[in-house]
Structures are given as C-alpha cells and as structure tokens.
Amino acid sequence: MNTLLTFSITLLFSSLVWSGYLEYDQDVLLPDDWTHVGRVDSTEELELTFALKQQNADLLEEILRLVSDPDSAQYGKHLTLEEVSSLVHPSEVTQKVVHHWLQSHGITSCQTVHTQDFLQCTMTAEVAERLLPGSKFQRYTRDGQSVVRSSAPYSVHDDVHQHLDFVGGLHRLPPKAQDLSKASSNRKQKQSKTGVHLGVTPAILRARYNLTATDVGTAQNNSQAVAQFLEQYYHPADLAEFMGIYGRSFQHHSQVARVVGTQGGGKAGIEASLDVEYIMSTGANISTWVFTNPGRHETQEPFLQWMVLLSNMSDLPWVHTISYGDDEDSLSAAYMMRINTEFMKAGVRGLSLLFASGDSGAGCKHLGKGQNSFRPSFPASSPYVTTVGGTSFKNPYEVTYEITDYISGGGFSNIFNMPDYQASAVAGYLKTVAATLPPKSYFNTSGRAYPDMAALSDNYWVVSNKVPVPWVSGTSASTPVVGGMLSLINDQRLLKGLPALGFLNPRLYKLKGQALFDVTEGCHLGCLDEQVQGKGFCAAPSWDPVTGWGTPNYPELLAALLAE
C-alpha cells in the first residue's frame, strides 16, 4: 500500500473516530448473496440495542481469573447476577446522558436488563436515522430471510459517544447456515459404493470416549443449553425419534425442559437437530434448554439478543454450547471487546460457554496482488470462551484413534492478545513445529490461539423432519458433544457440593493434556496459493491450533476435574 493512500485512510479513520462514529472499522459491505430490496419506509418500526459503557471491566477480568484458576483461594467462588450487576452497571452519569439523548428524540419505548448495560428501544426508521446520523436503513433478503440494516456507517452525538460501546441492529448480518452434509460428501460417495453405512451415533461416541451406561445425570440442580441463531428450529418429534433409535442403552430425556424464545415454523434445521440431539445424548438425563432467537424485529442481531438474555436471567444452565461464528475482520473491535465483557460476566457467574471453532480450517483472506492471510473466526477467537475443534476416526469403519478433521477451524486472533493461561502451551507448539509452520505473514503469533480441545466432527447421524440423516459433519457436532460431557462432570461436582466448572480454560491448560486423547496427525485447510498450497496448521504432540489439547477421555477427565 503506498504512503499517500495509507495517510489518507488514517486521516479518514481519525475523522470518523472524532466525529462520533462508534464502530468506524465495522464492515458495512453486504455479501453478494444478499439482495437489496429497497429503502425502509420512514414509518416502519425498528428495534435497536444500545450497549451502555460498563464500569470495572478490569476488575471483572481479575475476578474471572481468580474464580477460574484452581490454584487460587477464590476458585469456584462465583458471583450472582446481582453481584455482577453491582460491579459493572453503567454509572449514573452514563445512564442519565443516554436516556436524555433518547428522550430528546421522542424515544420512550425502551426496555433495560438487570445489569442496566443494555437498552432495547423501538422507534421508526425516520427517528432512527435522525438519532444516528449517517445511517440509511435498507431491506435485504436471502433465501427467504429478510433483514433491515444500514447501508452506511452511523454516528452518535459527541455528548453520547463516551457513554456507548455500540448500537446493535444496524450492521451485523446472520452468517449463512452451513450445509453440514457437504463437508464429507466425497467420503459419502466412496463409502456408499461398498454398501457400508457407518457413522457416528451416541453409542459410538460413548465407546470412543469411555462413557458407560451409568454415566448419566442425576443432580436436580444441573442443566445445560444450546443456542440457535440462524432461524434454525428443532422439532420435539425428531428428538423423541432420535432417542428412540439411538438412546436405548442409557437413561435419557426425550424432551427439552425449556425453550427460551419463540420457535419458528417450517422444517426442522439440521443444525438445531444436531445440537439438541447430541448434547442430550452425551449429557444424558440432564435438563436441557434451547435458546432460539429468530427475533421479533428484522433489525435484531440474534447473537446479540442471546447475550442480552444472559444479562437478564438470574437462573441459567451451567453449560452453553453455541455453533455460531463470523469472520473476525467483518466485525468492529468495539463490538467484539464488548461481547468479550459479556463472556466474562458469564464466566464469573460459573457458566461454561463453548463455541465451535468453525468449519473453514485456518480460513483465508485475500489481501490483493497475490497476498493472502489466514482468517480467524469470532467468538471462537475470544480468550474468555472454550473453543472446540473437530476430528475424524483414522479408520472411518472402526472406533479407532482420531486424526484432524481437515475442516476443523483454528488459528490465531488478529484482535485479542494471547491470554497468560495458554502462553506456555502455544510457545511449545510454535517451537516444536517451527520448521514446518506457514509463513509468519499469514498469522499473528502473539494472538489468542484456538481451539482449546476437540471431539469427533465427521459423519454423524441426525434425525431431522422424522428421517435419520447420515454424513452430517462439522464442529457444530463436536461442540455439543464436549458440552454434554462437561455437564456430566458438573453433575458429579454438584452432587459432591462443589461449584460448577465455570470458565474452563485456565484449568484445562494446567492439565497440560492430561485426561485427553492427544491428536497428532493431519492438517486443516488454508489458503489455496503457492505459499501454503491449501494447508493451514497441522496437529502435533500436546496442544496445537487444530485440535487444541485433544479429545476427552471421559473417566480420566472426570477424575481430574473432580479433584479439589
């Protein structure tokens, strides 16, 4: 990039920052698969989310470190929602300034949350565009889905700028739902010729990870959850059918305990069916919630809606698994930093948040003129969640040891620094495989590295719309499987009077691979260019940015995590 252009861009960014733009680095270009329908009518009602500046974020991070570190005297001493609220709630000045600003534009239809750091307000498009200069609300459609978003960056009044992190409902789009059956289509064709139909089922998972028929939940105060954001719905009849076919050898529930949100109509989604069926078969007999977020307004960001719910509910499941992600570079730093604070708030309350590492390997971003770099995914790259990668059986016809699933997402954040808990493990990997690493220009060696652990992600059986569907693949499968096992461990901890696991990573990295099956074979996808030729990172002994520390050996992991 020439010096003049760099200087011009720097000046532009500086002017955006100083003229009230909260998210000057947010990508506002829409992908080609979205169709522009037209400008929104000025009288149409929108719902926007205002993220108010919080207090004591540094103290919150320190508390999270202490309650998550098994060597700390504060380990497991989690906070209540009320205690979190008293710590982080916005100052009186912030609340007064933001409320006055909204009311001065005639906006009075607002709801807040227990922690007082989110406001969700309804207003017309005309009022929204006056409130947020620069915004231009348009309607876009894709595959029958309709959203309202701003086609240009928004700004806020200078008096309000220092009191807000971002405004939700203007820019971020739901990522396209992954076709979970495509990842293994080639293997499907090869195996179908032989007439052999094998695949991962609850029985296979229990055999591989050494779960017995008695490894089921019994604690009354235990629960787990999955969250859906892409207009994905599970059907209760599918869950009952799945358990009838695959759950005969262990005690289980055949119904979800609670649905938070509104289930949409239409066909069941493979993603939703997969998540619910496998967290409930691995975390068997444990009360399970489904968070579903289709949104009442087209301007809602479903992932953000879920975060707002967590800030407003005092009693929540201990383990949450989420198979959702976006390219880090498509999101503003302000948005990601604030979402990280929300993850910390969950962690200090004792909640374990597990995110899928993604199904694009290291990813690839084209920088122009034949230059590329790997493309990390968020929230997988957040330092405050446990990220789950994917594996395959070495021999797809048998329960063998595992190798890398080439789609398994992993790499290094370009936004977040490497947390202390993983510094030693990552340094060991970089030193061990130094001679075969991709060029340094492709990734940030000082960034948060992920995933943290892994599980099978290839060739699952799922019941969807009352039909057993084979060859479903993706880290969307491995994440609820790991989540279910952590729920079983929580079950035993709660029965012993111990606190829930909470944010797992500090403890996981102190185990240094103990109680996990190390995955040392295989590489995942990268950029298709001369430099890396389609390859990202490769598995190695101990931690690696493809499978993390490896896959769970349940009885050993239970013993390790039950220890005081």
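Before any of the text, the structure's been laid out above.
A brief report on the enclosed structure follows. The structure presented is a predicted model; accordingly, all values stated were derived computationally and were not measured.

Basis of the calculations
Residues numbered from 1 in each chain as written. Predicted model: local features only at pLDDT ≥ 70, side-chain atom pairs only at ≥ 80, totals over all residues. Heavy atoms only, no water. Helix = DSSP H or I, 4+ residues; strand = E, 2+ residues; numbered from the N terminus. Areas by Shrake-Rupley, 256 points an atom, 1.4 Å probe, with all protein chains shown as cover. Lys, Arg positive; Asp, Glu negative; His and termini not counted. Charge placed at Lys NZ, Arg CZ, Asp CG, Glu CD. Expected span 1.5 Å × (residues − 1). Buried < 20%, exposed > 50% of the residue type's maximum accessible area, 1.4 Å probe, protein only. Contact = heavy atoms within 4.5 Å. Disulfide = S-S within 2.5 Å. Pairing = 2+ DSSP bridges. Axes fitted to C-alpha atoms, helices over the stretch in contact; angles between N-to-C directions. Parallel < 35°, antiparallel > 145°, perpendicular 65-115°, else oblique. Left-handed = near helix turned anticlockwise from the far one by under 90°. Nonpolar A, V, L, I, M, F, W, Y, C, P; charged D, E, K, R; others polar. 1 Å grid on protein atoms, 1.4 Å probe; cavity = no way out; pocket = protein on both sides within 12 Å on 5 of 7 lines; lining within 4 Å. Points joined across faces, edges and corners; volume = space filled by probe spheres on them. Core = buried A, V, L, I, M, F, W, Y, C linked by side-chain atoms within 4.5 Å. Salt bridge = Lys/Arg side-chain N within 4 Å of Asp/Glu carboxyl O.

A few words now on the overall build of the chain. Of regular secondary structure, the chain possesses 16 helices and 27 strands. With the C-alpha coordinates of the chain rotated into their principal frame, the extents come out at 65 × 55 × 50 Å. Here the chain has roughly 22700 Å² of accessible surface; of this, 52% comes from carbon and sulfur atoms. A distance of 3 Å separates the average location of the 40 positive side-chain charges in the chain from that of its 55 negative side-chain charges.

Our focus in this paragraph is helix α13 (residues 420-432). The end-to-end C-alpha distance of α13 is 19 Å, a good match for the 18 Å that 13 residues give at a rise of 1.5 Å each. Where α13 is concerned, the buried positions are Q422, A425, V426, Y429 and L430. Packing partners of the buried residues in α13 comprise β19 (411-417), β20 (447-450), α15 (505-511) and β26 (535-538).

What follows deals with helix α14 (residues 475-495). Under the 1.5 Å per step criterion, the end-to-end length of α14 is 30 Å for 21 residues, consistent within 8% with the ideal 30 Å. Counted residue by residue, α14 has 19 buried out of 21 residues, so it is predominantly covered. G497, located one to two residues past α14, shows a positive phi value of around 80 degrees.

Before going further, it helps to spend a moment on the state of the cysteines. Under the definition given, this model contains 3 disulfides. With a sulfur-sulfur separation of 1.9 Å, C523 is cross-linked through a disulfide to C538. The disulfide joining C523 to C538 has a torsion of about 95 degrees about its S-S bond and is therefore right-handed. Of this pair, C523 sits in strand β25 (residues 523-525) while C538 sits in strand β26, and the two are 15 residues apart along the sequence.

Taken in spatial order, the 3 strands of this open sheet run β1-β5-β6, and their pairing is antiparallel. Both edges of this open sheet fall to β1 (35-39) and β6 (145-150), since each of them pairs with a single strand only. This sheet shows a mean twist of 30 degrees between the axes of neighbouring strands, independent of strand direction.

Where helix α10 (residues 270-282) meets α14, the axes come as close as 7 Å, and the angle between the chain directions of the two elements is 30 degrees. What the angle tells us is that α10 and α14 run roughly parallel. Where α10 crosses over α14, the two elements pack in a sense that is right-handed. Note on element contacts: α14 touches α10 through S476, A477, P480, V481, G483, G484, M485 and L488, opposite E271, L274, D275, Y278, I279 and T282. Here the residues of the contact of α10 with α14 sort into 8 nonpolar, 4 polar and 2 charged.

Bringing the layout of surface pockets into the picture now. Taken as a whole, the second largest pocket holds about 610 Å³ of empty space. Forming the walls of the second largest pocket are 22 residues, and the residues nearest its centre are E61, Y384, P419, D420 and Y421. Elements supplying a minimum of two residues to the lining of the second largest pocket: α2 (57-68), α12 (333-348), β19, α13 and α15. For the lining of the second largest pocket, the element with the most residues is α2, which contributes 5 residues. A per-class count over the lining of the second largest pocket returns 12 nonpolar, 4 polar and 6 charged.

Moving on, we get to the side chain of T387. Looking at the secondary structure, you find T387 in strand β17 (residues 386-393). If we skip the residues at most four places from it in the chain, T387 touches F355, A356, S357, A380, R448, Y450, P451, D452 and M453.

Relative to the assigned elements, T547 resides in the loop between β26 and β27 (551-552). C-alpha separation for the pair T547 and A455, spaced 92 residues apart in sequence, amounts to 8.1 Å. Setting aside its immediate chain neighbours within four residues, T547 contacts G390, T391, T404, P451, M453, A454 and V519.

Judged by nonpolar contacts, the single largest core of 73 residues is most densely connected at Y209, Y278, Y460, L486 and F537. Core analysis: the next-biggest nonpolar cluster, separate from the first, contains 70 residues, L46, F303, L304 and V308 among them.

Below, the discussion takes up the pattern of salt bridges. A complete count under the given rule lists 21 salt bridges for this structure. Across the salt bridge formed by D69 and K510, the nearest N and O atoms sit 2.6 Å from each other. Of the two residues, D69 is situated in the loop between α2 and α3 (81-88) and K510 in helix α15; the sequence distance between them amounts to 441 residues. D69 gets classed as buried once you look at its relative accessible area, which sits at 13%. With a relative accessible area of 41%, K510 lands in the partly exposed category. Residues E521 and K394 are paired through a salt bridge, measuring 3.1 Å at the closest nitrogen-oxygen approach. Of this pair, E521 sits in the loop between β24 (516-517) and β25 while K394 sits in the loop between β17 and β18 (402-404), placing them 127 residues apart in sequence. Bridged by salt links that share partners, the residues K53, D117, D165, R338, E342 and K345 form one connected network.

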